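Analysis of the macromolecular model
Residues per chain are reported as follows:
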Amino acid sequence: MKKPEMKVEPIKNGTVIDHITANKSLHVLKILGLPNEDINVTLAMNVSSGKAGRKDIVKIEKRELDSSELDQIALLAPEATINIIRDYKVVAKDKVRFMKELKSIIRCNNPNCITNANEPIESRFHLIKTSPILLRCHYCERLIDAEEIDKQF
């Protein structure tokens, strides 16, 4: 007896974010300001993956992501792939990439850092390593790891 399948409709235009770290897709939606009334979103959480064991998938209709959004997603889901869909076809597929320097995406967790002193200074972090992720504050040199990043989203 064949197991019943549930199918998700393809999107005509938009973005599919695949290989999101399991159970992180709600954080990704928060970064993107979704859901809202204008954009359809399909979400699959904690699904089987041959590569990662478990993963999340987000499909966003009528929206392509900008580089700042991709930078933030890379912090939460460094193995994610971004698929741009146009007229039901994948026209571009790429992995998220870490920038060597991240600005204004996360806060420094050092209360004595100049960025936390009500000064008009945006946060800046330098990428030290990607797996596991480790960042260094440009100003106070405090190290920020994945667990501390997760707490900010």
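Residues numbered from 1 in each chain as written. Predicted model: local features only at pLDDT ≥ 70, side-chain atom pairs only at ≥ 80, totals over all residues. Heavy atoms only, no water.

Note the cis peptide between Leu 34 and Pro 35, where omega equals 0°. Mapped onto the elements of the fold, Pro 35 is located in the loop between α1 (25–31) and β2 (41–49). One non-glycine residue, His 19, lies in the positive phi region at around 60°. Locating His 19 in the fold gives a position in strand β1 (residues 14–21). Positive phi outside glycine occurs at Asn 23, with the angle close to 70°. Along the chain, Asn 23 turns up in the loop between β1 and α1. (Helix = DSSP H or I, 4+ residues; strand = E, 2+ residues; numbered from the N terminus.)

So, on to the UniProt feature "domain: Aspartate carbamoyltransferase regulatory subunit C-terminal" (unreviewed entry) in the protein. Within the UniProt annotation, "domain: Aspartate carbamoyltransferase regulatory subunit C-terminal" (unreviewed entry) is assigned to residues 102–149. Annotated as 8% helix and 35% strand, the span residues 102–149 places its first and last C-alpha atoms 12 Å apart. (UniProt positions renumbered as here; feature names shortened; annotations may be inferred.)

With that settled, consider the pattern of salt bridges. Overall, the coordinates contain nine salt bridges when judged by the stated rule. Residue Glu 69 pairs with Arg 63 through a salt bridge whose shortest N-O separation is 2.3 Å. Note on accessibility: Glu 69 and Arg 63 belong to one class, buried. Put simply, Arg 97 and Asp 94 hold a salt bridge, and the shortest N to O gap is 2.4 Å. Each of Glu 101, Lys 103 and Arg 124 takes part in a single network of salt bridges with overlapping partners. (Salt bridge = Lys/Arg side-chain N within 4 Å of Asp/Glu carboxyl O. Buried < 20%, exposed > 50% of the residue type's maximum accessible area, 1.4 Å probe, protein only.)

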